[in-house]
Each structure stands twice: as structure tokens, then as C-alpha cells.
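A look at the structure
Next come the chains, spelled out residue by residue.
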Amino acid sequence: MNEIGADRLGSAADDVYAMLIEAHAGLTPEESHRLNVRLVLLLANAIGDRERIRAVIAAARRHPRDPSQRTT
Amino acid sequence: MPRYAYRRFPYTTPPELRGAAGRRWPVVVVGAGPVGLTAAVDLALQGIEVLVLDDNDVVSVGSRAICWAKRTLEILDRLGVGERMLAKGITWKVGRVFHRDRELYSFDLLPEAGHKMPAFVNLQQYYVEEYLVDRCRELGDRIELRWKSRVAGVSQTGERVRLAVATPDGPYTVDADYVLACDGVRSSVRQLMGLDFAGQVFEERFLIADVVMAAEFPSERWFWFEPTFHPGQSALLHKQPDDIYRIDLQLGWDTDPEVEKRPERVTPRIRAMVGERPFELDWVSVYTFQCRRMERFVHGRVIFAGDSAHVVSPFGARGGNGGIQDIDNLCWKLAAVLRREAPEALLASYDEERIRAADENILNSARATSFMTPKGPVERLFRDAVLELAEEHAFARRLVNSGRLSRPHHLGGLTLQTPAEDPTVPMAPGAPCEDAPIATPDGRRWLLELLRGGFRLLHRPGDTPPRPVDGVPMLVLGRDFEDLEGLVARRYALAPGATVLIRPDQHVGARWPEFDPGAIRVALARATAGVPS
Ligand SMILES: Cc1cc2nc3c(=O)[nH]c(=O)nc-3n(C[C@H](O)[C@H](O)[C@H](O)COP(=O)(O)OP(=O)(O)OC[C@H]3O[C@@H](n4cnc5c(N)ncnc54)[C@H](O)[C@@H]3O)c2cc1C
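Residues numbered from 1 in each chain as written. Chains lettered and ligands numbered in written order. Predicted model: local features only at pLDDT ≥ 70, side-chain atom pairs only at ≥ 80, totals over all residues. Heavy atoms only, no water.

This paragraph deals with the sheet that holds strand 13 (residues 206–212) of chain B. Residues and elements named next belong to chain B. Sheet architecture is open: seven strands sit in the order 6-5-14-15-16-13-17, paired in mixed fashion. The open sheet is flanked by strand 6 (102–108) and strand 17 (280–287), the only strands paired with a single partner. Between one strand and the next, the sheet's axes are offset by a mean angle of 15°, whatever the strand orientation. In this sheet, strand 16 (residues 244–250) lies alongside strand 15 (residues 234–240) in antiparallel orientation, the contact comprising six bridges. Each residue of the ladder has a partner; that of Leu237, found in strand 16, is Ile247. (Pairing = 2+ DSSP bridges. Helix = DSSP H or I, 4+ residues; strand = E, 2+ residues; numbered from the N terminus. Axes fitted to C-alpha atoms, helices over the stretch in contact; angles between N-to-C directions.)

Let us now look at the site of the ligand. Residues and elements named next belong to chain B. Close contacts around the ligand come from 31 residues, with Asp54, Asp55, Ser188, Asp307 and Asn321 the closest. Within the backbone of Val35, an N or O atom sits 3.1 Å from an oxygen atom of the ligand. One nitrogen or oxygen atom from the main chain of Asn321 is found 2.8 Å from an oxygen atom belonging to the ligand. Protein contacts shield 89% of the accessible area of the ligand, which totals 1000 Å² for the unbound molecule. Of all elements in the fold, only helix 1 (34–45), strand 9 (150–156) and helix 8 (319–338) reach the threshold of two or more residues within the shell around the ligand. Per-element accounting of the shell around the ligand gives the leading share, three residues, to helix 8. Class assignment of the residues belonging to the shell around the ligand gives a composition of 13 nonpolar, eleven polar and seven charged. (Near = heavy atom within 4 Å. Polar contact = N/O pair within 3.5 Å; in protein donor to acceptor, adjacent residues only side chain to side chain. Areas by Shrake-Rupley, 256 points an atom, 1.4 Å probe, with all protein chains shown as cover. Nonpolar A, V, L, I, M, F, W, Y, C, P; charged D, E, K, R; others polar.)

Now for unusual backbone geometry. Residue and element names in this part refer to chain B. At Arg100, a position not held by glycine, the phi torsion is positive, near 50°. When you line up the elements, Arg100 lands in the loop between strand 5 (94–99) and strand 6. You can call Arg100 buried: its relative accessible area is 11%. (Buried < 20%, exposed > 50% of the residue type's maximum accessible area, 1.4 Å probe, protein only.)

A complete count under the given rule lists 25 aromatic pairs over all chains for this structure. Between Tyr126 of chain B and Tyr127 of chain B, the ring centres sit 5.4 Å apart and the planes meet at 55°, which makes this aromatic pair tilted. By the ring-pair criterion, three or more aromatic residues cluster together here, those being Tyr17 of chain A together with Phe206, Phe223, Phe225, Tyr287, Phe289, Phe315 and Phe371 of chain B. (Phe/Tyr/Trp six-rings, centres within 6.5 Å; stacked < 30°, edge-to-face > 60°.)

This next bit is on the environment of Ala181 of chain B. Residues and elements named next belong to chain B. As for its placement among the helices and strands, Ala181 is situated in strand 11 (residues 170–181). According to the relative accessible area criterion, Ala181 is buried, its value standing at 0%. Along the backbone, Ala181 and Ile303 are 122 residues apart, and their C-alpha atoms lie at a distance of 5.9 Å. Excluding residues that lie within four positions of it along the chain, Ala181 makes contacts with Val30, Val189, Val302, Ile303, Phe304, Ala305 and Ser308. (Contact = heavy atoms within 4.5 Å.)

The subject of this paragraph is the interface of chain A and chain B. At the junction of the two partners, chain A supplies 26 residues and chain B supplies 24 residues. Summing the contributions of chain A and of chain B, the shared interface buries around 2400 Å²; its carbon and sulfur component is 53%. Connecting chain A to chain B are four salt bridges. Residue Asp15 of chain A is joined to Arg367 of chain B by a salt bridge in which the shortest nitrogen-to-oxygen separation is 2.8 Å. Taken together, the elements giving at least two residues each to the side of chain A that touches chain B come down to helix 1 (13–23) and helix 2 (29–47) of chain A. It is helix 1 of chain A that contributes the most residues to the side of chain A that touches chain B, seven residues altogether. The residue makeup of the side of chain A that touches chain B, split by class, is ten nonpolar, ten polar and six charged. (Buried area = accessible area lost by both parts, 1.4 Å probe. Salt bridge = Lys/Arg side-chain N within 4 Å of Asp/Glu carboxyl O.)

Worth remembering: the numbers are spatial, not functional.
Rendered as C-alpha cells:
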């Protein structure tokens, strides 16, 4: 079992996803980009553990697919 | 060409237009869709006479509801059509979600046995309406169905409602104590009363096709994000009786619905999905979906239920299911008010309970539809990232939203329910009742079959011997029924002495660790908006 991707949101998953989308409401792509960066930094601090953050970065960098195959 | 043989229901000239005196009805239901017909049967079984007016003379035409949820089946079983639906319908409980050509995950909506009704039955809406019409006819001395009778005017005083009805023989008026407006999403009653219907439209088009084919797809719900057979969009496959499959294909907002409905457009899309097996198109429509609700459902003596009161996009099957649950919630209250067993104030709890339920249905349907049709580039990036991560990570699979399927609403914390001493107890006040296999002297039965016909007290013997309170029938475990697999005790957390007050709509109204007649009396009064006797 991959520990970083284990489900910790439980029944709040849909609420959390909606909160993230809602946070971007009304922003230009550039503003959204900046918001995402602030979010990453704040979430990294919320995790507060260098080795966990290293594992999260590694998981995010692993691309399940070659980007050139993307259709959208 | 639809396979279903539509039959016209006979129109007859109403007495009011034959020179006879019209009568005043306790309840007139406007609309003979699944919701209005369910209301007619429910009220008739409680001894209330009902007139049903419908502007048409045929059951639902085309591709509409197919998925009927467990709670709906339990309600319709109480009303006498559940077993027929089960016999004809396709039973399913597993859903699979695919991204491109790979399965991301599957879910099981009812992993545990010991329920009379399955998680879902797929059955075309026209069959459900046909069975309900048959049931109305069985109750013919209490239900009058009038076809080709369009409601064209509504007015009310504090005492009654008057409806103007248009028929092939001309107009007439009819008076009622209460009117149930079950006349669908374009409700005439709502419009005639000038009432609002606020919400959101999803800027997306979906091709909904019913396809006749002999195929070996299992009885499961299959949903694809960006399948290779329909690039960049979503697709849904569902099995129905009569070798019919329901296929939903997302089309994009810029498509022309008239063009997309043409067989020469539809056939290649279906062909790409189902491969070389032969098929025939039974029905094709192109829909845009919306989520809306009225601000309130009770307007004096006119009460809205079903699509007239709230409408959702179909991902999650919460439309028809939600509407039938409105009726389950409303009819015992209305019958009690009409019999003067409860004050009119009880009807306000229908607004409180079903508006919260409608909001839950709208929230879930809207989120699923948004996930399928992301608005703007950032939402799409998030959606696509979830799909990418979902192959590897459990948390992301949980975020993938292809529809959160209809579940009954938990009525905890609302006015009629008496809070439990221990708020963490399972089957807390407000919980929808769970089924369980039992035996009575008549043989093997189901618990929900006993919880019918009014309030009930479910009790497990403890130190205090139980006695009837205010004429509410007791169901004592081990005395009135045998708990065959111990599931009643487990699902209801019935320790010795535990007593559960169950509402006529099979939701827990109150519960106690001991048998306490005084507390029961107070809770019963609260559950009927009354004062303790
Ligand atoms: C593609 C699609 C798929 C769906 N899938 C599902 C599903 O799987 N599960 C689910 O639960 N729901 C589903 N739904 C939703 C479901 O079809 C509706 O929620 C349901 O039909 C609502 O029932 P109703 O009785 O409130 O209204 P309707 O079925 O619309 O019935 C209203 C009735 O009122 C009559 N009427 C209208 N105006 C008047 C008037 N002025 N006078 C007299 N009569 C009048 C109409 O003729 C009609 O008979 C789906 C809907 C669509 C479009």
C-alpha cells in the first residue's frame, strides 16, 4: 500500500475538492497559478515534515502517462 | 421505434361537465408522473380519497428515469408495487469507473446481505408508472384518475383550493382541501402561482440513447472518463430490462442538439462504444441538465413535490428517487392533518425535512456534473490531476466523482426528532430504518414489512415490562417476531430494554436505553407537532 496516497479525507473528500475549486472562483489563470503556489507552500508547512514533503513531491512528479499522449 | 407498447388511458367526460354536481376532494394531485401516482396510492391506503389530474393520457415517453434506489423500492413495496418492480427490473449494486481504457476502481453499494430490497433496480420509468396506474385502479374506490385534464388555474382561500381544469369537453373547476402539485419540472401550478425556481444550468449537452442489443455486459453501472471510443468526454452504460441499454454520452456545449439526435450521427458514436454487435436505437434525446429548487414547498394548501419542487441532473439518480421520498415524508403527515389527528403545523416539517433533503441531492448531483464538465481551465486541471493520480492513489480514487448515488436523507437534528441521550448511538433519531430478516407466526418476513401503517415501537425486553403507549403498536423482539440472524438487534443497537420510536415513513423518531412511557408520550407528541396528551 502506498502510504502517501492513502485516503485521509474520508467522507469529507467531496467537500474538500469543492473547497479547492471554490477557492479559484473568479480568478484569472495567472491569479490561479499564484494561488496554487501559495497553497502548496501553506500545505507544505501544514505537513511540517521534510521527509513526508519529499515523498509527496516524488509522488506528484511520477507521471502515470506520457504527457504527449494527452488528448485534452 | 420504442419497444414498449404505449397504451392510451381512457378519457371520460368528468361529472362536472355531464351536468352532475362536482364534489369537493380532500386531496387533488396534479400530475400522474411517478411522484403524483405514488402520492395517490399512499393517501388511498391511508383512507384518503384522491383525484388525480393529468394533462396527458399515457405513461412517460422516451428515455427518463431508470435507476430506482433501495429506499424507493422499500417505499413502493409498502405501497404494493415493489415486488413487481423487482421481478421485472435489473438488480445491480456494483459500479465501475474507468479512465481512458483502464478501470480505476469499483464500488459496491450494498455489500451486506439481509435486506429485502437490493441497492438498485433498473427499470424504465414507463413501467414504474404503468405499475402505479394498475395499483391506483386496484384502489379504484378511493382514487379517480382523470386523463387529458390540464390544470389551467389555481386560487386558494384559507379553507380550500380551487383548480380550473381544461379538458377536451371544455373547462370546469374542482375544489380540494389540499392540492399536491406533482406536475413536473415545468410545473403549471408553480407558474400560475408566480413562484420562483432558482438554481443553475450546466452548460453541457448529453446524448441519452436507449439501445436494443443482445450483449453480455454484466448488471453493473459502468462510467468512463475520456474513453478512447469517445475521446475527451464521459460515457455511461446501464442495463435495462427487455435487452435495452441506456447510454449517456457527453457531447460538449458547442454541439447542435438537433443534429446530434439524427441516427446518422448517433449510430457511429454507439458503434464505437459497443463494437460490431448489432443494435437498434429505441429512443434518442439530447439533454441539458440543471439543478434548481423552490424556496419553499408548502404554500398554504398547495404543496409541491418531485420535479416541480426541485430538479437535479441525473448523475446519482436523485430526481425520481428524491421525489418519491418527498411523498413518503408528506403523505402520513397530510393524512394525519386531514383526519384531525395532528395540527396543520405538522406540514411545516415537510418543508424543513425535504428542503434539507433536496439540498443534499442538489449538492451531490451538482458536484458530480461539475466534475464531468469542469468550468474553465483551472477546474479542468484539478479534475484531470485527480484522474491521473487515481490510478495510483486511494485518496484520489475517492475524489473521482461519476455520481454519488441516491441515498435516503438522515433527518437527525430536525424539529420532529427527539435527540438521543447518547448522540453517537447507531440508528440515532432521524436515521432511515434498516431492513433485516425476521420470522413471525406467518413465516419468514422482513422487518420493514412490520414497520408499516403508522407509528411503531420497536423494543427488546429488559427490566421494565413494556405496555402500549397512546395506542402505538409495540413490536417486541422475541415476542412478536424472531430476530432470525440477530441483525435487528445489531443494526438497531438493541441492548436489553432498548426502545425505538419509528415514524410512519420508517425513520427513527426517538430512542431510549429503557422503556419509559412518559418519554415516549412526549416524543410522540413532538413527532406529530402536537402537545403531549
Ligand atoms: C435522462 C434522464 C434520466 C433520469 N434518470 C433518473 C434515474 O435513473 N433515477 C431517478 O430517480 N430519476 C431520474 N430522472 C429524473 C426523473 O425522470 C424525474 O425526477 C421524475 O420523472 C419526476 O417525477 P414527477 O412525477 O415529479 O414529474 P414528471 O415525471 O415530469 O410528471 C409530471 C406529470 O404532470 C403532468 N402535468 C404537467 N403539467 C400539468 C398540468 N398543468 N395539469 C395536469 N397535469 C400536468 C405531466 O403530463 C406529467 O405526467 C432522470 C431524468 C432524465 C431526464
